[in-house]
Structure formats: C-alpha cells, structure tokens
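Spelled out from the first residue to the last, the chains are:
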Amino acid sequence: MTQPGDSRAAASRAEHVESGVELAYAGFDTFLKSGPTAVEAAGGADAAVLGVPYDGAVSNRPGARFGPRAVRRASGWLAYLSGYKGGLTNVRTEQQVSFSALDIVDCGDVPVFPMDRERTADSIAAHVATVTARGTMPVVIGGDHYCTYPAFQGFAAASDHSRIGLVQIDAHSDTVDGSAAFGEHFHGSTTHHIAQTAYTDFDHIAQVGLRGYESPDFFEFADENGLSVYTMRDVERRGVRPVIEDAVTAAAADTDAVYVTFDIDAVDPAAAPGTGTPEPGGLTASQALAVMDVLGAHDAVGAADLMEVAPTHDPTGNTARLAAYLLVTLLERQFAEADGN
C-alpha cells in the first residue's frame, strides 16, 4: 500500500529538472561520479577505477591509505562541470572533451590487510586481473608505490601480452633490492621486483623525473641493465614533452603494451606537498599534466596507476586535486576527446 509522501521525491525531481546536475561535493565519492560496479561486471567499459587504501610498505611518512578517497572526491568537480555544461573544452589542450563518451566505472576499493603485505598484494593482483580479463583498462589509485608491483602482475597475467613496458614518473627509481630496515618488499623496491617478473626487464622500463639521491653506482647500474633514465635535469634542459615522448617510445619498443605508473612525488612539493617522501625540484603541475597528455595519446598504454597521495599532509587539498586532473587528462586523451585526436 502506497503511503503519503512515497512519490514526493520523484515529483520534486521532475519539477526541478536542474536537480539532475549533482554538485561536486554531493552524492557518493566515486571517480568522476561514475557508477559503482563490481569488478566482475566491469567488462565493456573503457576503464575501471580501483582504489588501494594501503600504505604499509612506506619508508617515510604514512597517509597514502587515504589517497583513493581524496582523489575520488576531488574528481567530482570535473564531473560536475561536465554535467552542468554538457561537455567541455580543455583550454590547455584546445580539445573538445565529452565525458559522456568516456565509459568509466568505479569498482571501489580492493580489500587490503594492513598487517599482511602478502595477502594485500594477492588481493591487488587478483582484482586488477579480474578487470583486465574483461577487456577493460585498469586504473589504480593508491596507496603506496609498492602497490604497483602486484597491480602490474595482475594486469600482465590476465592480458594477452607476453611483454609489457613500464613508464614510471617518479622522484625515486625504486630499484633497491633490499633494505636492512624494511626488507626486500617495500615501496623503494617496486621497480626492482617488476623487472624480475617474466613480463619485463630493465630494458623495457623508462623513468622520468628522478632527482634527489640514489646509490653511489646508480647510473652505472642503469647503463649496465638498460634502464632508461630521464632525470629532472633532462626535463629542464630538453623540455618535458620530448622527454616523455622518448620515454614511452623506449618502453613500448618490442613490447605488447605499456603500464604507466605515476608517483605523485614526481611533482615538486610546492605544488603537491601531500605525499610521503617529498623531494624538492620536481615537475611543475603544468609539466605533470603535459606528461599525462602525451601518455594518454599513445595507443600502447593499457593500464595506469597513480600512487602516494597522502592527503593528511596537505590541508589545502591541492595534491589530491592535481592527482584527479592527472588521471582525467590521461583518460580523456585516450577515450573522450570529441574529435578523436
């Protein structure tokens, strides 16, 4: 039996048609206000977002466990603008963007086990693999950078690719094979472990934005192992676009796909202070957006992640906001530009 008031909500929405535009700070916090979807139902979408609220492998400041929620919330502004204006022009790229053409789903957060790194890694790999097996591009929001290792494994194992390149945008190389304090598995060892998998090696890994301090023989190590390294000095001397174009070309050579991992500490902490291991002298926000613009236009890119956003270290919210814009830039370039360029 219908009770008085049962249809008032529907009647209100019908009377106020503008109520269909959801404000950036209203509703559920999904990426770009996309529909919550189980990983098993992600097939057919262009991309599926997975959050990994885990920072149990950091060596400095924790807080990246709160990254997925903050980045999702920040992305709501772009979803609001698109819904309100019925499409957008990206003034930076001078391209028309139709987010309605971007079929993206949000599969929520991967189950993590804060005191059990191995179980967490298995969970990450399984969920990324499930999305990948359905022909959908996985987009992972971390979480500390160790999470990239199992995410890469999940993508590689479930795809049809036998060889996968890696483009790593980062302040640090993450090539440490072990630490007296943190052992063999922590966020400083991610790239080392990825290079040991059956799917890639250092010859197919390109790193952009490195600065700060590495081991005394780092450049000799890179030369001997074929690791393509583009430091911040290279970016400053040559410009960011030529550098990232060379990096993705190197990673894509003789591979079937490229996995992109963006550690937010690649960006200068003046623009993105909310991260665990900030290093002065990094990418500007403009350079970081240019990186994602170039990568999004490359047809070899098959998976991506954005890691190490620690919003508790940035009360302004600028770090999470930039992270959201970075992911959206890559996705719109791949799937949502109205002219398809």
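The model shown is predicted, which means the values in this text are computed figures rather than measured ones. (Residues numbered from 1 in each chain as written. Predicted model: local features only at pLDDT ≥ 70, side-chain atom pairs only at ≥ 80, totals over all residues. Heavy atoms only, no water.)

Description of the overall build of the protein chain
Counting its secondary structure elements, the protein chain contains 10 helices and 10 strands. Since a compact globule built from 341 residues should have a radius of gyration of about 20 Å, the 20 Å found for the protein chain is in line with a globular shape. If one aligns the C-alpha atoms of the protein chain with their principal axes, the spans along those axes are about 75 × 45 × 40 Å. By residue count, 53% of the 341 residues in the protein chain fall in the buried class. Of the contacts made within the protein chain by residues no fewer than 6 positions apart, 75% connect residues no fewer than 24 positions apart. Of the accessible surface of the protein chain, which amounts to about 14900 Å², a share of 50% is contributed by carbon and sulfur atoms. Once the 21 positive and 46 negative side-chain charges of the protein chain are each reduced to a mean point, those two points are 8 Å apart. (Helix = DSSP H or I, 4+ residues; strand = E, 2+ residues; numbered from the N terminus. Rg over C-alpha atoms; globule rule 2.2 N^0.38 Å. Buried < 20%, exposed > 50% of the residue type's maximum accessible area, 1.4 Å probe, protein only. Contact = heavy atoms within 4.5 Å. Areas by Shrake-Rupley, 256 points an atom, 1.4 Å probe, with all protein chains shown as cover. Lys, Arg positive; Asp, Glu negative; His and termini not counted. Charge placed at Lys NZ, Arg CZ, Asp CG, Glu CD.)

Points about the state of the cysteines
The bond known as a disulfide is covalent and runs between the sulfur atoms of two cysteines. Summed over the entire model, instances satisfying the criterion amount to zero disulfides. Here Cys 147 is not disulfide-linked; the sulfur of Cys 107 is the nearest cysteine sulfur, at 17 Å. Taking relative accessible area as the criterion, Cys 147 reaches 1% and is therefore assigned buried. (Disulfide = S-S within 2.5 Å.)

Re helix α8 (residues 240-252)
Here α8 contains 13 residues, and its C-alpha end-to-end distance of 18 Å stays within 8% of the 18 Å for a straight helix at 1.5 Å per residue. For α8, the complete set of buried residues consists of Val 240, Val 243, Ile 244, Ala 247, Val 248, Ala 251 and Ala 252. Projected onto a plane normal to the axis of α8, the buried residues spread over an arc of 160° and lie on a single side. The inward-facing, buried residues of α8 abut β6 (164-169), β7 (205-210), β8 (228-231), α7 (232-238), β9 (257-263) and α9 (285-296). Immediately downstream of α8, the backbone of Asp 254 shows phi near 60°, a positive value. (Expected span 1.5 Å × (residues − 1). Arc of directions from axis to C-beta.)

Some thoughts on the sheet that holds β9
An order of β4-β1-β5-β10-β9-β6-β7-β8 is seen for the eight strands of this open sheet, with the pairing classed as parallel. If you trace the sheet from one side to the other, it starts and ends with β4 (104-109) and β8, each paired once. Along the sheet, successive strands turn relative to each other by an average axial angle of 15°, direction set aside. Judged from the four bridges that link them, β6 and β7 form a sheet pairing that is parallel. In the sheet register, Gln 168 faces β7, and the bridge partner there is Gln 207. Together, β6, β7, β8 and β9 form the strand contacts of α8, whose direction differs from that of β6 by roughly 155°. (Pairing = 2+ DSSP bridges. Axes fitted to C-alpha atoms, helices over the stretch in contact; angles between N-to-C directions.)

Here we look at the nonpolar core
In terms of nonpolar packing, the biggest core is built from 64 residues, with Phe 31, Ile 169, Phe 262 and Leu 295 touching the most fellow members. For Leu 295, the contacting residues outside a window of four places in its chain are Val 167, Ile 169, Ile 244, Val 248, Val 260, Val 301, Leu 330 and Gln 334. Ala 57, Val 105, Tyr 149 and Phe 202 belong to the second largest nonpolar core, which has 37 residues in total. (Core = buried A, V, L, I, M, F, W, Y, C linked by side-chain atoms within 4.5 Å.)

What about the side chain of His 172?
If you trace the backbone, His 172 turns up in the loop between β6 and α5 (190-195). Look at His 172 and you get buried, because its relative accessible area is 13%. Within polar-contact distance, the side chain of His 172 engages the side chain of Asp 265 at 3.2 Å. If near-sequence neighbours (up to four positions away) are discounted, His 172 is found in contact with Leu 210, Glu 214, Asp 265, Thr 277 and Glu 279. (Polar contact = N/O pair within 3.5 Å; in protein donor to acceptor, adjacent residues only side chain to side chain.)

Brief notes about a negative patch on the surface
Residues Asp 217, Glu 220, Asp 223 and Glu 224 make up a contiguous surface patch of negative charge. Looking at the element boundaries, Glu 224 is found in helix α6 (residues 218-225). (Patch = residues over 30% accessible without salt bridge, like charges linked within 9 Å, V, L, I, M, F, W, Y side chains within 5 Å. Salt bridge = Lys/Arg side-chain N within 4 Å of Asp/Glu carboxyl O.)

Focus on unusual backbone geometry
In this model, Gly 142 is joined to Gly 143 through a cis peptide bond whose omega is 15°. Here Gly 143 is to be found in the loop between β5 (137-142) and α4 (148-158). Within the chain, Leu 32 stands out as a residue other than glycine whose phi angle is a positive 55°. Along the chain, Leu 32 falls in the loop between α1 (8-15) and β1 (47-52).

What to know about the packing of aromatic side chains
Within the structure shown, the criterion is met by six aromatic pairs. Taking 5.2 Å as the distance between ring centres and 80° as the angle between the ring planes, the aromatic pair formed by Phe 202 and Phe 221 counts as edge-to-face. With Phe 202 in the loop between α5 and β7 and Phe 221 in helix α6, this residue pair connects regions lying 19 residues apart in the sequence. Taking relative accessible area as the criterion, Phe 202 reaches 7% and is therefore assigned buried. Residue classification places Phe 221 among the partly exposed residues on the basis of a relative accessible area of 23%. Aromatic ring contacts, followed pair by pair, group Phe 152, Phe 155 and Tyr 259 into a single cluster. (Phe/Tyr/Trp six-rings, centres within 6.5 Å; stacked < 30°, edge-to-face > 60°.)

Observations regarding the UniProt feature "binding site: Mn(2+)" (unreviewed entry) in the protein chain
This chain's UniProt record puts "binding site: Mn(2+)" (unreviewed entry) on His 145, Asp 170, His 172, Asp 174, Asp 263 and Asp 265. These annotated residues cover 121 residues of sequence, and their C-alpha atoms lie no more than 12.3 Å from one another, placing them together at a single site. Mapped onto the secondary structure, Asp 265 falls in the loop between β9 and α9. Since its relative accessible area comes to 2%, Asp 265 is described here as buried. Setting aside its immediate chain neighbours within four residues, Asp 265 contacts Asp 170, Ala 171, His 172, Arg 211, Thr 275 and Thr 277. At a separation of 3.2 Å, a polar atom in the side chain of Asp 265 contacts the main-chain amide nitrogen of Ala 171. (UniProt positions renumbered as here; feature names shortened; annotations may be inferred.)

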